[in-house]
Structure formats: C-alpha cells, structure tokens
Amino acid sequence: MTHPASDRPALTDRDALLRQRDRARRGGLVDLFHQIAADEIEDRLAEVNRSFTAPALVTGFPEIWGPRFPQARVVADAPMLDLQPEAHDLVIHAMSLHWSDDPVGQIVQCRRALREDGLFLGVCFGNQTLAELRAALGQAEAEIRGGLSPRILPMGEIRDLGGLLHRAGLALPVADLLHQRASYRDLLHLGRDLRGMGEGNAMAARLRRPTARGVMARAAQILALHHPDRDDPSRVAVTFDLVFLTGWAPSDSQPKPLRPGSARTPLADALNDIRKKQQ
C-alpha cells in the first residue's frame, strides 16, 4: 500500500487490473462476494436513523453495485476520484480499496466529498483472504523453483485498515470483519472463479510469463491435502475476509469523549457501587 508520491514502486498494475475486470465482464461476472458485501452495507445503512439524499458510490464494478444503490452517483475507483468537495452525505467505497496503492488517500478523498456529519462506508477484502492459496502456491514454487514470486495481493489487517479511518480525519471510526469460507472442486475451479471476479494477479511485480505446470499441479496437491472442505473432503475450502469500514465527517453534534480527569465519579467508587449491586 504505497502513496503515489513515494519512491517505492507501485503495488498495482492499474492497466492489468482494468483488463482483468473487462475480461470478467465479457465472461460473466462472478459477483457472489459483491452481493454479500452489498447486503451487509444495506443492513448497516438500515441501522442508521437518517435518510441520505446525496449518496456517492465508488466502485470498479458499477454493473453490480449501481442497481443496489440506484440513487447514488457512481464514480470509478481511479487514483483520483471524481468527487466534489462537500457534495455528498454518504460515500460508499465498494470492493476496491485492496487494489489501491494509496488506500488512505482514497478515504481522504471520500472524507473531503462528505458534508458535515456525512457517512463513509467502505468494504474490501482483508488480510486472510486466500491465505490457503497463498501458502499452497508459495510452498509449491519453493519446492520446484527454489524461490517465490508475487502471486496474491497483500491485503490489510483489520486493525491497520481501521487506522486508516482516523488518519483520513473521520470521526467515530469502526472496522469489523465478516469471515467467509468458500468451497471449490479444486485449484482450477478456484482460479476460474477468481478470474470471473476480476481478482486475478494484477500486481506490478508479478511474473510476466505463465506459471509452470509443475508448480500449479503441486499447489493443487498441497491445497487438497491441507485444506479440504470439512463437509466434502473431495473439495477444497479457502477463506475470503470482508472488512467493513465506517466513519463520519466530523460535526459538533457528534458525541465527544470526556477530557481526561473530567469524570465526576472516581473509578474506585463506581466499582464499589457495582460490587454492592452484585451482592
């Protein structure tokens, strides 16, 4: 996760990512996790006791997310977001942050587009996504080729992703996790699904030649051996973690933490009162 102004190389090959998404569209998008994420976003909005009249939606898959939020202004997940300052009371960043070289910059841009007390909601894949595949490919490549190459995007820990909300200047930040397990016939079936999701390897440092068949065959063996589906051991199971990020544009109307030392009741007295009630 690098900043554009950094001297470090970019994590994502943006052109390759867009090509992969286009191929996925032509082949019929696999949208299961997008739909799960959208359901969760809708549930979170239903719990907020207010109506949003000027929402914006940042996504690389408008054909999936647009119909779920038809009132929203749809914006591509480009490095520079097409958002106007203080134009929206809700910004949803949908399933794209894990590909951003500058995720905090993306959230900062969303924060600037929010009106006072506006809501930011983000969702992306988290750190344990495809951990089983990462381990199988790494072991297979180390055994056969004696080294490792970038194959699966490094994704953020929930704590780190939650910290981005504070860094971006959002108030009342919350990060939570939805852990999903998905079952596939084998490694090839999983690979086809990832391509159908537009989530293949688009890292800038990836190998630019096909993976040796021996590496893929050995990875398939390792995946089947160490990660069988509990309900059907003839299949394999892998993890997909969805991280949800929530924060508000600061407002004087929002709850504020007490200043240190401003509590009127000493902690010891409060604990004694609790003990007496329990007796």
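Source: prediction; values computed, not measured.

### What to know about the overall build of the chain
Turning to step 1, where the next piece is worked out: Secondary structure summary: the chain contains nine helices and six strands in total.
Turning to step 2, where the next piece is worked out: Burial analysis of the chain (279 residues in total) assigns 46% to the buried set.
Turning to step 3, where the next piece is worked out: Put simply, 82% of the contacts in the chain that link residues at least 6 apart link residues at least 24 apart.

### Comments concerning helix α4 (residues 103–113)
Turning to step 1, where the next piece is worked out: Most of α4 is tucked away, with nine of its eleven residues classed as buried.
Turning to step 2, where the next piece is worked out: Among the residues of α4, P103, V104, G105, Q106, I107, V108, Q109, C110 and A113 are the ones counted as buried.
Turning to step 3, where the next piece is worked out: In the core, the buried residues of α4 are packed alongside β1 (55–59), β3 (88–94), β4 (114–125), α6 (158–167) and β6 (236–248).

### Notes on the sheet that holds strand β5 (residues 171–184)
Turning to step 1, where the next piece is worked out: Taken in spatial order, the six strands of this open sheet run β2-β1-β3-β4-β6-β5, and their pairing is mixed. Edge positions in the sheet fall to β2 (73–75) and β5, since each of these pairs with one other strand and no more. Averaged over all pairs of adjacent strands, the angle between their axes in this sheet comes to 15°, without regard to strand direction.
Turning to step 2, where the next piece is worked out: Here β1 runs beside β3; their pairing, made up of five bridges, is parallel. By the bridge assignment, A56 is partnered in β3 with V91.

### Focus: the pattern of salt bridges
Turning to step 1, where the next piece is worked out: Taken as a whole and judged by the stated rule, the model has 15 salt bridges.
Turning to step 2, where the next piece is worked out: Of the charged contacts in the structure, one is a salt bridge between R21 and D77, with a shortest N-O distance of 3.0 Å. Linking R21 in helix α1 (residues 14–27) with D77 in the loop between β2 and β3, this pair joins segments that are 56 residues apart in sequence.
Turning to step 3, where the next piece is worked out: Accessibility expressed as a relative area gives 2% for R21, which makes it buried.

### With respect to the confidence of the model for the chain
Turning to step 1, where the next piece is worked out: Summary statistics for the chain give a mean pLDDT of 90 and a share of 88% for residues scoring 70 or more.
Turning to step 2, where the next piece is worked out: This model gives residues 1–5 a pLDDT under 50, and the stretch forms 16 contacts once residues within four places in sequence are excluded.

### A short note on the pairing of β1
Turning to step 1, where the next piece is worked out: Where burial is concerned, most of β1 is hidden: five out of the five residues are buried.
Turning to step 2, where the next piece is worked out: Side chains P55, L57 and T59 project from β1 onto one buried face, and the interleaved A56 and V58 project onto a second face that is buried too.
Turning to step 3, where the next piece is worked out: Across three bridges, the pairing between β1 and β2 is parallel. Looking at β2, one finds that L57 is bridged to V74.

### Comments concerning the environment of N127
Turning to step 1, where the next piece is worked out: You can see N127 is positioned in the loop between β4 and α5 (131–145).
Turning to step 2, where the next piece is worked out: For N127, a relative accessible area of 24% translates into the label partly exposed.
Turning to step 3, where the next piece is worked out: In this structure the C-alpha to C-alpha distance between N127 and M155, which are 28 residues apart in sequence, comes to 4.5 Å.
Turning to step 4, where the next piece is worked out: Those residues in contact with N127, other than ones at most four positions away along the chain, are R134, M155, G156 and E157.

### Comments concerning the layout of surface pockets
In this approach a probe as big as a water molecule rolls over the atoms, and the regions it shows empty are the leftover space.
Turning to step 1, where the next piece is worked out: Estimates place the volume of the largest pocket at around 960 Å³.
Turning to step 2, where the next piece is worked out: Around the largest pocket sit 36 residues that line it, and R151, G191, R195, G200 and N201 are the ones nearest its centre.
Turning to step 3, where the next piece is worked out: Of all the secondary structure elements, the ones that give two or more residues to the lining of the largest pocket are α1, α5 and α7 (187–196).
Turning to step 4, where the next piece is worked out: Here the element with the most residues in the lining of the largest pocket is α7; it accounts for seven residues.
Turning to step 5, where the next piece is worked out: Of the residues assigned to the lining of the largest pocket, the class counts are 19 nonpolar, ten polar and seven charged.

Criteria and thresholds
- Residues numbered from 1 in each chain as written.
- Predicted model: local features only at pLDDT ≥ 70, side-chain atom pairs only at ≥ 80, totals over all residues.
- Heavy atoms only, no water.
- Helix = DSSP H or I, 4+ residues; strand = E, 2+ residues; numbered from the N terminus.
- Buried < 20%, exposed > 50% of the residue type's maximum accessible area, 1.4 Å probe, protein only.
- Contact = heavy atoms within 4.5 Å.
- Pairing = 2+ DSSP bridges.
- Axes fitted to C-alpha atoms, helices over the stretch in contact; angles between N-to-C directions.
- Salt bridge = Lys/Arg side-chain N within 4 Å of Asp/Glu carboxyl O.
- pLDDT = per-residue confidence, 0-100.
- 1 Å grid on protein atoms, 1.4 Å probe; cavity = no way out; pocket = protein on both sides within 12 Å on 5 of 7 lines; lining within 4 Å.
- Points joined across faces, edges and corners; volume = space filled by probe spheres on them.
- Nonpolar A, V, L, I, M, F, W, Y, C, P; charged D, E, K, R; others polar.

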